[in-house]
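Understanding the architecture of this molecule
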Amino acid sequence: MPTPTLNPHLPFGENKQADWYGKDILSVKQFSRADLEYVFGVAHEMRGMVERIGTFDLLKGKILANLFYEPSTRTSSSFIAAMERLGGSVISINEVKYSSVSKGESLPDTIRTLECYADVIVLRHPETGSAAIAAKAAKKPVLNAGDGVGEHPTQALLDTFTIMEELGRLDNITVTMLGDLKYGRTVHSLARLLTNFTNVKLNYVSPDILKMPKEVMDEVGEKNVPQTEHSSLDKVLAETDVLYVTRVQKERFEDPADYEKVKGAYVIDPEIMKHAKKDMIVMHPLPRVGEISTDFDDDPRAAYFRQMEYGLYVRMALLAMVLGKA
Ligand code: ASP
Ligand code: CP
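Quantities reported herein were computed from a predicted structural model and do not represent experimental measurements.

Attention shifts here to the nonpolar core. Core analysis: the biggest nonpolar cluster contains 66 residues, and Met177 and Leu202 have the highest contact counts within it. Of the residues forming this core, the biggest block, 11 residues, is contributed by helix α10 (residues 304–322). With sequence-adjacent residues up to four places away left out, Met177 is seen in contact with Val187, Leu190, Ala191, Leu194, Leu202, Asn203, Tyr204, Val205, Met212 and Tyr244.

Next comes the structure, spelled out in structure tokens:
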């Protein structure tokens, strides 16, 4: 869908439903602080409704097409659960090889097909920019569920919602991102989204070959958010309020030998976490493949499983918003 422009003259909260109705969600760049506060408010209400009554009919009769060209457990199933908890239904294409994609059908044609049957499309695809291409072909809203190494905006929305629910604030925080900052699309979205808040400091800890891309650092820098780069956690762990751990994205390496050099570069365990604050949290978009020791899972600071659950409420909020029912 062409993105309608927000009316800057409306006070926060007024006519927000109209702002998001029919809109695509392609990048975190679409979200202002007021938008985020609105999403968090709706997600918080969704949480309460799920806890009280489980399933309700806000999107009864609406259909979601869930189109995944790359593997997914959380994003795919939480969008399905979100739609079904709101009383809607889902066309799931989780394995595109069994669809006409394997006969050579293009992404725009696949999207045009699905929108004949569905009211909203969620897309994960290995190429950066694919969600924007899909949105151009579609008249119905397209939600980007990860476009290659580009962005994963709904993840960043659930990540910021997690920080809000867990720490009670998004201002005045130090966030340390650890691991594969080059190929990890979740950190590309999260770093950008955090620029909406005041007194946020970002530390990037990674092997030299997996540093945060310059393009992202430049955008964050333009918003005057301080950023520092490190190869070790030592100097920054003690000041960290949110430690955001990522998986080294094996599938994105051109040379497997490079992956071998950096896999297992960092492992968070109870011993290391003795040097962190008591009231901080550890997050991870998941799946983890050894970056966080399971010995740490019972620590109250381990927020990564709660983070997955928050994803359900945020995705319920986003579906309701783009379908005009929030
Ligand atoms: N699940 C996240 C993503 O799809 C993170 C990861 O796979 O490591 O980007
Ligand atoms: N966090 C995330 O996107 O998980 P999946 O890859 O399992 O969807």
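There's more to say after this.
With that settled, consider unusual backbone geometry. In the segment running from Leu286 into Pro287, the intervening peptide bond is cis, with an omega of 10°. In this structure, Asn172 takes a positive phi of about 60° despite not being glycine. Here Asn172 is to be found in the loop between α6 (153–167) and β5 (173–178). By relative accessible area, Asn172 is classed as partly exposed at 44%.

Below, the discussion takes up α6. Between the first and last C-alpha of α6 there are 21 Å, a value that for 15 residues agrees with the 21 Å anticipated at 1.5 Å per step. Among the 15 residues in α6, 12 count as buried, and that is most of the element. Every buried residue of α6 is listed here: Pro153, Thr154, Gln155, Ala156, Leu157, Leu158, Asp159, Thr160, Phe161, Thr162, Ile163 and Leu167. Gly168 occupies a position one or two residues after α6 and carries a positive phi of about 80°.

Attention shifts here to the pairing of β5. Most of β5 sits out of view: 6 of its 6 residues are buried. Alternating positions in β5 separate into two faces, Ile173, Val175 and Met177 on one and Thr174, Thr176 and Leu178 on the other, with burial throughout. Sheet topology places β5 next to strand β6 (residues 200–205); 6 bridges connect them, and they run parallel. Bridge assignment links Val175 to a residue of β6, and that residue is Leu202. On the question of chirality, the crossover connecting β5 to the parallel β6 by way of helix α7 (residues 185–193) is right-handed. As defined by bridge partners, β5 adjoins strand β8 (residues 242–245) across 4 bridges and the pair is classed as parallel. If you follow Thr176 over to β8, its bridge partner there is Leu243.

About the cut-offs
- Residues numbered from 1 in each chain as written.
- Chains lettered and ligands numbered in written order.
- Predicted model: local features only at pLDDT ≥ 70, side-chain atom pairs only at ≥ 80, totals over all residues.
- Heavy atoms only, no water.
- Core = buried A, V, L, I, M, F, W, Y, C linked by side-chain atoms within 4.5 Å.
- Buried < 20%, exposed > 50% of the residue type's maximum accessible area, 1.4 Å probe, protein only.
- Helix = DSSP H or I, 4+ residues; strand = E, 2+ residues; numbered from the N terminus.
- Contact = heavy atoms within 4.5 Å.
- Expected span 1.5 Å × (residues − 1).
- Pairing = 2+ DSSP bridges.
- Right-handed = clockwise from strand over helix to strand, strands pointing away.

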